[in-house]
Amino acid sequence: MSMAASRPASELCHGFGPVVVMGVSGCGKSAVGERLASYLGARFIEGDSLHSAANVEKMRSGIPLTDADRWPWLDEIGGRLASSAATVVSCSALKRAYRERLREVAWQPITFVFLQGTRALLAARLGERKGHYMPLSLLDSQLATLELPSGEADVVTIEIDQSLERIVALAMNTLAIRAGRAAGEQTTGGN
């Protein structure tokens, strides 16, 4: 993390805007998001806490959310992102349309950190998780909904089959590089 640690957090946040840590349930969005926010001196928002009571009840009952269920939730998250560049949010953002909605509502560039893992690893993590309303039974539904963010320039993909510290270090280094590029483009006028 030496590259990221050498730059002030406020400078990093300015260089890439808010961050959405995304992926299916069990990938570690909350743990990575909290740690990133701590290192960046940014506000962390747990996206799951912004779901409506009806959405939470559906998921607790093992019923997958529909697009209609998700749009108000995504709008709420996008609104939070619009309020500050120094924000890290955990949000599944499974479909490209959901990521586009977040980009649209946030009114500023977002960097997405996509946490990717095998079904076996995700299932093992969900099986060990306590106190969360999302049951293991919804994993296959989430994987079926997931549209891999290939070709989306603002998405960084990190494999989750490594330590939390390593995942966060990779994310921080990538964010630092992006912030450096953005600063370079500003000083050269984008040429």
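Everything quoted here is computed from the prediction, not taken from an experiment.

1. Let's talk about the overall build of the protein chain
Assigned secondary structure in the protein chain consists of nine helices and five strands. Taking all contacts inside the protein chain whose residues are at least 6 apart in sequence as the whole, residues at least 24 apart take part in 79%. When the accessible surface of the protein chain is summed, it comes to about 8,900 Å², and 54% of that surface belongs to carbon and sulfur atoms.

2. What about the nonpolar core?
Counting 44 residues, the largest nonpolar core has Leu 36, Cys 91, Leu 102 and Leu 115 as its most contacted members. Looking at which element gives the most residues to this core, the answer is helix α9 (residues 164-187), with five residues. In contact with Leu 36, other than residues within four places in its own chain, are Val 19, Val 21, Val 88, Val 168, Ala 171, Met 172 and Leu 175.

3. Looking at the packing of aromatic side chains
Tallied over the entire structure, the rule returns one aromatic pair. When the centroid spacing of 5.5 Å and the interplanar angle of 85° are considered together, the rings of Trp 71 and Tyr 98 count as edge-to-face. Placement of Trp 71 in helix α5 (residues 67-82) and of Tyr 98 in helix α6 (residues 96-106) is noted, with a sequence separation of 27 residues between them. Using a relative accessible area of 24% as the deciding quantity, one classes Trp 71 as partly exposed.

4. Some words on the packing of α5 against α6
Where α5 contacts α6, the axes come no closer than 8 Å and their chain directions differ by 35°. Viewed along their axes, α5 and α6 form a crossing whose handedness is right-handed. Facing α5, whose interface residues are Asp 67, Arg 70, Trp 71, Leu 74, Asp 75, Ile 77, Gly 78, Gly 79, Leu 81 and Ala 82, α6 presents Ala 97, Tyr 98, Arg 101, Leu 102, Val 105 and Ala 106. Partitioned by chemical class, the residues of the contact of α5 with α6 number ten nonpolar, two polar and four charged.

5. Points about the confidence of the model for the protein chain
The share of residues in the protein chain with pLDDT of 70 or more is 81%, and the mean pLDDT across the chain is 84. The secondary structure element of the protein chain with the lowest average pLDDT is helix α1 (residues 2-5), at 38, and the one with the highest is strand β1 (residues 19-22), at 96. Scored below 50 in pLDDT, residues 1-12 makes 27 contacts in the model with residues more than four places away or belonging to other chains.

6. As for the pairing of β1
Along a regular strand, successive side chains alternate from one face of the sheet to the other. Of the two faces of β1, the one carrying Val 19 and Val 21 and the one carrying Val 20 and Met 22 are both buried. Sheet analysis places β1 next to strand β3 (residues 87-90), joined by three bridges and oriented parallel. Looking at β3, one finds that Val 19 is bridged to Val 88. With four bridges connecting them, β1 and strand β4 (residues 111-116) associate as parallel partners. Its bridge partner being in β4, Val 21 is matched across the sheet by Val 113.

7. Some points on unusual backbone geometry
With the exception of glycine, most residues fall at negative phi, and the peptide bonds are largely trans. Positioned with a positive phi, Ala 93 is a non-glycine residue whose angle comes to about 45°. For Ala 93, the location among the structural elements is in the loop between β3 and α6. Under the relative-accessibility criterion, Ala 93 is labelled buried at 0%. One non-glycine residue, Trp 107, lies in positive phi territory at about 60°. In this fold, Trp 107 is placed in the loop between α6 and β4.

What counts, and where the lines are drawn
- Residues numbered from 1 in each chain as written.
- Predicted model: local features only at pLDDT ≥ 70, side-chain atom pairs only at ≥ 80, totals over all residues.
- Heavy atoms only, no water.
- Helix = DSSP H or I, 4+ residues; strand = E, 2+ residues; numbered from the N terminus.
- Contact = heavy atoms within 4.5 Å.
- Areas by Shrake-Rupley, 256 points an atom, 1.4 Å probe, with all protein chains shown as cover.
- Core = buried A, V, L, I, M, F, W, Y, C linked by side-chain atoms within 4.5 Å.
- Buried < 20%, exposed > 50% of the residue type's maximum accessible area, 1.4 Å probe, protein only.
- Phe/Tyr/Trp six-rings, centres within 6.5 Å; stacked < 30°, edge-to-face > 60°.
- Axes fitted to C-alpha atoms, helices over the stretch in contact; angles between N-to-C directions.
- Left-handed = near helix turned anticlockwise from the far one by under 90°.
- Nonpolar A, V, L, I, M, F, W, Y, C, P; charged D, E, K, R; others polar.
- pLDDT = per-residue confidence, 0-100.
- Pairing = 2+ DSSP bridges.

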